[in-house]
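# Tertiary structure, described
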Amino acid sequence: MKRNIITLVIAIILSISYSHTQACTNFLVTKGASATGSTFISYSADSHVLYGELYFWAAAKYPAGSMLKIYEWDTNKYLGEIAQAAETYRVIGNMNEYSVAIGETTYGGRHELAGSGIIDYGSLIYITLQRSRNAREAIKTICELLNTYGYASEGESFSISDPNEVWILELIGKGKDDKGAVWVAVRIPDGYVSGHANHPRITTFPIESKKVENAISSKNIDKIFNPEVEYVYAEDVISFARKAGYFTGTDAEFSFSDIYAPLDFSAARACEARVWSFFKQVNSSMWEYEDYALGHNLKHRMPLYIKPDKKLSFEDMKIAMRDHYEGTKMDMTTDIGAGPFKSPYRWRPMEFEFEGKSYVHERATATQQTGFWFIAEGRSWLPNPVGGILWFSVDDAATSCLSPIYCGMTRVPEIFAVGNGDLLTYSDKSAFWLFNRVTNFVYSRYDVISKDVLDVQKRFESESEKLIDEVDKKASALYSENPDGAINVITEFSLQRAQEMFDTWKKLDAYLLVKYIDGNIKKERDGKFERTEDNYPVSPEQPKLPEFWIKKIVEDNGNILQIPQD
């Protein structure tokens, strides 16, 4: 999330060490680009100090004059009060009962434009979800909230979806002397996919006029519900840049990304590269932009959205979110930093120096510091509370397991509940702590241990997809006559499935410890650990280190380790 765009890579990396939220990733898929006709947005909330839990707000009605206290999502700092809406909608995680979902990534942008208003980016997400029934209404709500109360954070990119449309909205504050924000939103054309990862990706856009029907400014925000509208922007997004001295060209030349967060090496290598890795996964021609992703050719910018070679499945979304740049020049499993066990992880800081030169470790989509992550799926052919599924998990996307959370459910699984432990308080009933126990053990010998985890992960998620089909039919058939009964069906299923995932991972935790303790690998037969005829453990395997690592050991300390020749 938070990543300040400055010229020195090291300063960017240092900012990662103390900000609450940083370096998140979002991928966006329109219904015409998905194999099932669903919309998808994915989001990893990545931070070294973010505890993974599932938020919940019940639907409610409020008397006139009610006020809502705003606390910054990152720090819990009190920011002020705003007028409460007369009616709010039920929200679970980052999706509401109308299947509207919102994700984000922070790009920082120009430091002097950090917002000075009341509403921070996290509060903006969850307040908007409580007040919006579709993506366009969400954009209108964001516009009105910012105009009334101002913005309190750094530059931000938002993914906004409903069962029919997917939008990207990028904004930044106006600094300490103006509480407001400038922004632009673009509807991703049906049949296309997009993504963002801590750098703004909207460049030029059409300006409203009598001849332009698909673009409006915020002064005409009520027109956003016209289906031909595909671009919406703050009316002063260009004039503010001119006044601040950032821009002197024509309106047609104005690029939001270039003006409010100028591109540099780190923006490409640590941020845009993750989008590129997704793009090249779904469209083979995107390999052309590898030089851009490496930060070697900043003029070779990728498009905001692309058409995939084939329609994407839920499985494709999972693969994208679990990526470590495998098969590219940035593959994290192949260089010496991966160690003898091909680990695709590098502990922070990402930037380092040697003999007067600066270097940087990769920052892949799947990363160890994820608090929570999800894939939000909107399905237009089902009733909204049933049609929206927040496939949700906590910790590292690569080795955690997604649990289906219907957007209309009325309770949160205990394993994900707010207050069930925190980052400094261990809870043996918390999914966040359980996944971290397993995953941190996996990191110790990644190439071997991860295979067992991925087998269980795949089985559980595949089983969930099959079960979803049955629940969909039951709940949607019931919904027209008994909505409360349908809501109860999806709630009970989601609660049960989450608990089954937790129980599965507890067994996995014990199994991995027994199998791999002390660097050994216990032998198995027919699903059980082998014993001798005398009921004694069979001697475990002790696999040798790979040849390349042995070579490094010998080169480093062979004169001490070498056995004398007779």
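What counts, and where the lines are drawn
Residues numbered from 1 in each chain as written. Predicted model: local features only at pLDDT ≥ 70, side-chain atom pairs only at ≥ 80, totals over all residues. Heavy atoms only, no water. Salt bridge = Lys/Arg side-chain N within 4 Å of Asp/Glu carboxyl O. Helix = DSSP H or I, 4+ residues; strand = E, 2+ residues; numbered from the N terminus. Buried < 20%, exposed > 50% of the residue type's maximum accessible area, 1.4 Å probe, protein only. pLDDT = per-residue confidence, 0-100. Contact = heavy atoms within 4.5 Å. Pairing = 2+ DSSP bridges. Axes fitted to C-alpha atoms, helices over the stretch in contact; angles between N-to-C directions. Core = buried A, V, L, I, M, F, W, Y, C linked by side-chain atoms within 4.5 Å. Polar contact = N/O pair within 3.5 Å; in protein donor to acceptor, adjacent residues only side chain to side chain. 1 Å grid on protein atoms, 1.4 Å probe; cavity = no way out; pocket = protein on both sides within 12 Å on 5 of 7 lines; lining within 4 Å. Points joined across faces, edges and corners; volume = space filled by probe spheres on them. Nonpolar A, V, L, I, M, F, W, Y, C, P; charged D, E, K, R; others polar. Phe/Tyr/Trp six-rings, centres within 6.5 Å; stacked < 30°, edge-to-face > 60°. Lys NZ or Arg CZ within 6 Å of the ring centre and 35° of its normal. Expected span 1.5 Å × (residues − 1).

Another point: the pattern of salt bridges. Overall, the coordinates contain 28 salt bridges when judged by the stated rule. Taking the shortest distance from any N to any O, the salt bridge between Glu461 and Lys318 comes out at 3.0 Å. Pair noted here: Glu461 is in helix H11 (residues 446-479) and Lys318 is in helix H8 (residues 314-321), with a separation of 143 residues, a long-range link. The exposure class assigned to Lys318 is buried, which follows from its relative accessible area of 2%.

This next bit is on the confidence of the model for the protein chain. When pLDDT is averaged across the protein chain, the result is 95; 96% of the residues are at 70 or more. Throughout residues 2-21 the model reports pLDDT below 50, and contacts reaching past four residues in sequence, or to other chains, amount to 68 contacts.

A word on the sheet that holds strand E1 (residues 25-29). Across the sheet, seven strands lie side by side as E17-E14-E1-E2-E20-E21-E22; this open sheet has antiparallel pairing. What marks the edges here is a single partner per strand, and that holds for strand E17 (305-306) and strand E22 (403-406). Bridge count between E1 and strand E2 (residues 39-46): five bridges; the pairing is antiparallel. By the bridge assignment for E2, Val29 is matched with Phe40. Running over the sheet, helix H6 (residues 265-282) touches E1, strand E14 (193-196) and E17 and is turned about 160 degrees from E14.

Our next topic: the nonpolar core. A general tendency of soluble globular proteins is for nonpolar side chains to be buried together. If you look at the biggest cluster of nonpolar residues, it comprises 111 residues, and the most contacted ones within it are Ile160, Trp183, Val237, Phe254, Tyr260 and Phe372. Apart from residues no more than four positions distant in its own chain, Ile160 is found in contact with Ala101, Ile102, Ala135, Ala138, Ile139, Ile142, Glu165, Val166, Trp167 and Leu169. Listed in part, the 48 residues of the second largest apolar core include Val29, Phe279, Leu382 and Leu402.

The next subject is the side chain of Asp74. Examined against the element boundaries, Asp74 turns out to sit in the loop between strand E5 (67-71) and strand E6 (78-83). A polar side-chain atom of Asp74 sits 2.8 Å from a polar atom in the side chain of Tyr121.

The subject of this paragraph is the layout of surface pockets. Taken as a whole, the largest pocket holds about 620 Å³ of empty space. Surrounding the largest pocket, 28 residues form its lining, Tyr55, Tyr71, Glu72, Trp73 and Asn76 being those nearest its centre. Every element with two or more residues in the lining of the largest pocket is listed here: E5 and helix H2 (121-131). For the lining of the largest pocket, a count of residues per class yields 15 nonpolar, eight polar and five charged. In this structure, the second largest pocket occupies an estimated 440 Å³ of space. Along the walls of the second largest pocket sit 18 residues, with Arg322, Glu326, Ala398, Leu454 and Gln457 positioned nearest its centre. Broken down by secondary-structure element, the contributors of at least two residues to the lining of the second largest pocket are H8 and H11. In terms of residue count, the dominant contributor to the lining of the second largest pocket is H11 (seven residues).

One pass over the full model with this rule turns up 35 aromatic pairs. The ring of Tyr192 has Lys307 lying over it, and the distance from NZ or CZ to the ring centre is 5.3 Å. The aromatic ring of Phe460 is capped on one face by Arg497, whose charged end is 3.7 Å from the ring centroid.

A cis amide bond links Arg348 with the next residue in sequence, Pro349, at an omega value of 5 degrees. Here Pro349 lies in the loop between H8 and strand E18 (351-354). Here the phi dihedral of Asp395 falls at roughly 70 degrees; this positive angle occurs in a residue that is not glycine. Take Asp395: it is sitting in the loop between strand E21 (388-394) and E22.

We now examine helix H10 (residues 431-442). With 12 residues, H10 ought to run about 16 Å at 1.5 Å a step, and its terminal C-alpha atoms sit 16 Å apart, in line with that. Within H10, nine of the 12 residues are buried, which leaves it mostly tucked inside the rest of the structure. Where H10 is concerned, the buried positions are Ala431, Phe432, Trp433, Leu434, Phe435, Asn436, Val438, Thr439 and Val442. Among the structural elements, strand E20 (370-378), E21, H11 and helix H12 (483-516) are those in contact with the buried residues of H10.

With that settled, consider the environment of Ile487. Among the secondary structure elements, Ile487 is positioned in helix H12. According to the relative accessible area criterion, Ile487 is buried, its value standing at 11%. Apart from residues lying up to four places away in sequence, Ile487 is in contact with Arg90, Pro385, Gly408 and Thr410.

For E5 and E6, the ladder comprises five bridges, and the chain directions are antiparallel. Paired with Met67 across the strands is Ala83, a residue of E6. In this antiparallel pair of consecutive strands, E5 and E6, the connection spans six residues, and Asn76 shows a positive phi of 70 degrees.

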